[in-house]
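Each chain, written out:
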Amino acid sequence: MSLKAGIVGLPNVGKSTLFNAITKQNILAANYPFATIDPNIGVVTVPDKRLKFLEDLYIPESLIPTTFEFTDIAGLVKGASSGEGLGNKFLSHIREVDAICEVVRCFESNDIIHVENDIDPIRDIEIINVELMLADLEIVNNRLNKIGKKANLSKDKETIFEYNILNKLKEALEQNIPLRKVILDEKEISYIKPFNFLTAKPIIYMANVSEEDVLSGDNDYVLKVKEYALKENSEVIVLCAKMESELIELNEEDKIAFLTDLGLETTGLEKLIKATYDLLGLATYFTVGSDEVRAWTFKKGMNAKACAGIIHSDFERGFIKAEIMSYNDLYTLGDEKKVKENGKMRLEGKDYIMQDGDICHFRFNV
């Protein structure tokens, strides 16, 4: 299951520095707008402490964690939706992602210029969000212009349905309401999905602070971002992009020691990945054996048959049963034999709703 998050923000807010840290790639992070010309794409592994236990237990030939794709998109500016800066080229890149991670500058520095000349995180957020809404509104208006006459003159139910829902979206966008806040039924959600509306995508705000503020707590800028995010039920991750880029240079043992000395439990990047997973309603199941231990990403609510299809379409097509035990039971009891002896190993049918931490063996016949 390929999952993508797009990192957006104004120029010089720390996007490329953060992306360097996320993917351990040394892309250009220069002190001037549009240092990122093409969208940089990096695949990161999702931290999961459960894999260490499974690796030690099964001693597999290979260990494969689940992954997440981050795309660093060039800094947007006011007027991007109408072609300012590098314009619509980059808005099109955002349409391809599942979630948006918006980096907001919450630190002061005389050495790093700001495209708007001063620090105001709420203004920055609204510049980005307005540009995304204007881009969505253009798509809605273009489509309404195309089908409007037909909807008014014909009695075709599908055309009338489309016309009505597009007008509903237009009204929201003209009131500066992102489409993710518009209440839609299942049919309407299914209908608008192919449009890939930017403001329909879930969003996380990443407050980029100084190293001192990571340790001392939220500053006034962060508090404003959190207040803003609360109103639209979005999450805020506080991190220091500069510190994250330094942490990736350390081995795991030194990283843990460094975080412990600072009184931090985890890195900002790990918080971001977990928050993005939660935002998209994702979970993880495992397949295990002496040849391979592997983590697989699935959407919460998927059944066993559909999850089998994540591995291979033949698994779904010829699905018979799923042999399942939970990670917690395996961890508590110590090995598969004891799991079976305690009646914790079970066979589930195609309609079983998969749970995070399920360890599965799929039986199928094609």
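Residues numbered from 1 in each chain as written. Predicted model: local features only at pLDDT ≥ 70, side-chain atom pairs only at ≥ 80, totals over all residues. Heavy atoms only, no water.

**Some details on the environment of Ile237**
For step 1, the next point in the chain: With respect to the helices and strands, the residue Ile237 is situated in strand E7 (residues 235-239).
For step 2, the next point in the chain: Separated by 34 residues in sequence, Ile237 and Lys271 have C-alpha atoms that sit 7.1 Å apart.
For step 3, the next point in the chain: In contact with Ile237, other than residues within four places in its own chain, are Ile204, Tyr205, Met206, Ala207, Gly268, Lys271, Leu272 and Ala275. (Helix = DSSP H or I, 4+ residues; strand = E, 2+ residues; numbered from the N terminus. Contact = heavy atoms within 4.5 Å.)

**With respect to the nonpolar core**
For step 1, the next point in the chain: Formed by 59 residues in total, the largest nonpolar core has its most connected members in Phe68, Phe70 and Tyr205.
For step 2, the next point in the chain: Setting aside anything within four residues of it in sequence, one finds Phe70 in contact with Ala5, Ile7, Phe19, Ile22, Asn40, Ile41, Gly42, Val44, Cys101, Leu272 and Ile273.
For step 3, the next point in the chain: Membership of the second largest hydrophobic core comes to 17 residues, among which are Tyr285, Ala304, Ala308 and Cys360. (Core = buried A, V, L, I, M, F, W, Y, C linked by side-chain atoms within 4.5 Å. Buried < 20%, exposed > 50% of the residue type's maximum accessible area, 1.4 Å probe, protein only.)

**Details of the packing of helix H4 (residues 121-153) against helix H8 (residues 220-231)**
For step 1, the next point in the chain: At a minimum axis separation of 9 Å, H4 and H8 run at an interaxial angle of 40 degrees. Our classification of the angle between H4 and H8 gives oblique. Here Pro121, Ile122, Ile125, Glu126 and Asn129 of H4 lie close against H8, whose contacting residues are Tyr221, Lys224, Val225 and Tyr228.
For step 2, the next point in the chain: Partitioned by chemical class, the residues of the contact of H4 with H8 number six nonpolar, one polar and two charged. (Axes fitted to C-alpha atoms, helices over the stretch in contact; angles between N-to-C directions. Parallel < 35°, antiparallel > 145°, perpendicular 65-115°, else oblique. Nonpolar A, V, L, I, M, F, W, Y, C, P; charged D, E, K, R; others polar.)

**Details of unusual backbone geometry**
For step 1, the next point in the chain: Non-glycine residue Ile59 carries a positive phi angle of around 45 degrees.
For step 2, the next point in the chain: With respect to the helices and strands, the residue Ile59 is situated in the loop between helix H2 (50-58) and strand E3 (62-64).
For step 3, the next point in the chain: For Asn176, which is not glycine, the phi torsion reads 60 degrees and is therefore positive.
For step 4, the next point in the chain: Take Asn176: it is sitting in the loop between helix H5 (157-174) and helix H6 (186-192).
For step 5, the next point in the chain: For Asn176, a relative accessible area of 52% corresponds to the exposed category.

**Brief notes about H5**
For step 1, the next point in the chain: Compared with the 26 Å implied by 1.5 Å per residue over 18 residues, the 26 Å span of H5 between its first and last C-alpha is a close match.
For step 2, the next point in the chain: Turning to H5, its buried residues are Thr159, Phe161, Glu162, Ile165, Leu166, Leu169, Ala172 and Leu173. Seen along its axis, H5 keeps its buried residues to an arc of 160 degrees; they face one direction. Residues Lys157 and Glu174 are exposed on H5 and point more than 90 degrees away from its buried face.
For step 3, the next point in the chain: Of the surrounding secondary structure, the elements contacted by the buried residues of H5 are H4 and H6.
For step 4, the next point in the chain: Looking at the residues trailing H5, positive phi occurs at Asn176, about 60 degrees. (Expected span 1.5 Å × (residues − 1). Arc of directions from axis to C-beta.)

**Concerning the layout of surface pockets**
Over the atoms, a rolling probe the size of a water molecule traces out where space has been left empty.
For step 1, the next point in the chain: Taken as a whole, the largest pocket encloses approximately 1500 Å³ of empty space.
For step 2, the next point in the chain: Taken together, 44 residues make up the lining of the largest pocket; nearest its centre are Val46, Pro47, Asp48, Lys49 and Glu270.
For step 3, the next point in the chain: Of all elements in the fold, only helix H1 (15-23), strand E2 (40-45), H2, helix H9 (241-247), helix H10 (252-262), helix H11 (268-279) and strand E8 (282-287) reach the threshold of two or more residues within the lining of the largest pocket.
For step 4, the next point in the chain: A per-element tally of the lining of the largest pocket places H11 first, with seven residues.
For step 5, the next point in the chain: Class assignment of the residues belonging to the lining of the largest pocket gives a composition of 20 nonpolar, eight polar and 16 charged. (1 Å grid on protein atoms, 1.4 Å probe; cavity = no way out; pocket = protein on both sides within 12 Å on 5 of 7 lines; lining within 4 Å. Points joined across faces, edges and corners; volume = space filled by probe spheres on them.)

**Remarks on the confidence of the model for the chain**
For step 1, the next point in the chain: Residues of the chain with pLDDT of at least 70 account for 88%, and the chain-wide mean is 85.
For step 2, the next point in the chain: In the model, residues 25-37 has pLDDT below 50 throughout and makes 36 contacts with residues more than four positions away in sequence or in other chains.
For step 3, the next point in the chain: Note on residues 83-88: pLDDT is under 50 here. Beyond four places in sequence and across chains, it has 11 contacts. (pLDDT = per-residue confidence, 0-100.)

**Some details on the pattern of salt bridges**
For step 1, the next point in the chain: Taken as a whole and judged by the stated rule, the model has 18 salt bridges.
For step 2, the next point in the chain: Between Arg143 and Glu162 there is a salt bridge, and its shortest N-O distance comes to 2.4 Å. Here Arg143, found in helix H4, pairs with Glu162, found in helix H5; they are 19 residues apart in sequence, far enough to count as distant.
For step 3, the next point in the chain: Here Glu162 falls in the buried class, since its relative accessible area comes to 8%.
For step 4, the next point in the chain: Across the pair Glu188 and Lys168 runs a salt bridge whose closest N-O atoms are separated by 3.5 Å. Of the two residues, Glu188 is situated in helix H6 and Lys168 in helix H5; the sequence distance between them amounts to 20 residues.
For step 5, the next point in the chain: A relative accessible area of 33% places Lys168 in the partly exposed class.
For step 6, the next point in the chain: Salt bridges sharing partners connect three or more residues here, namely Asp48, Arg50 and Asp356. (Salt bridge = Lys/Arg side-chain N within 4 Å of Asp/Glu carboxyl O.)

**Quick word on the pairing of strand E9 (residues 292-299)**
For step 1, the next point in the chain: As paired strands, E3 and E9 are joined by three bridges and run parallel to one another. Its bridge partner being in E9, Ser62 is matched across the sheet by Glu292.
For step 2, the next point in the chain: In this structure, E8 lies alongside E9, joined through six bridges in antiparallel fashion. Note that in E9 the partner of Leu282 across the bridge is Lys299.
For step 3, the next point in the chain: The loop that links E8 with its antiparallel partner E9 comprises four residues. (Pairing = 2+ DSSP bridges.)

**Looking at empty space enclosed by the protein**
For step 1, the next point in the chain: The full count for this structure, using the stated rule, is one cavity of 30 Å³ or more.
For step 2, the next point in the chain: Every residue along the wall of the largest cavity is listed here: Gly9, Leu10, Val13, Glu102, Val103, Val104, Arg105, Asp124, Ile125 and Ile128.
For step 3, the next point in the chain: If you list the elements that add at least two residues to the lining of the largest cavity, you get strand E5 (99-105) and H4.
For step 4, the next point in the chain: The biggest single contributor to the lining of the largest cavity is E5, with four residues.
For step 5, the next point in the chain: Along the lines of polarity and charge, the residues of the lining of the largest cavity split into six nonpolar, one polar and three charged.

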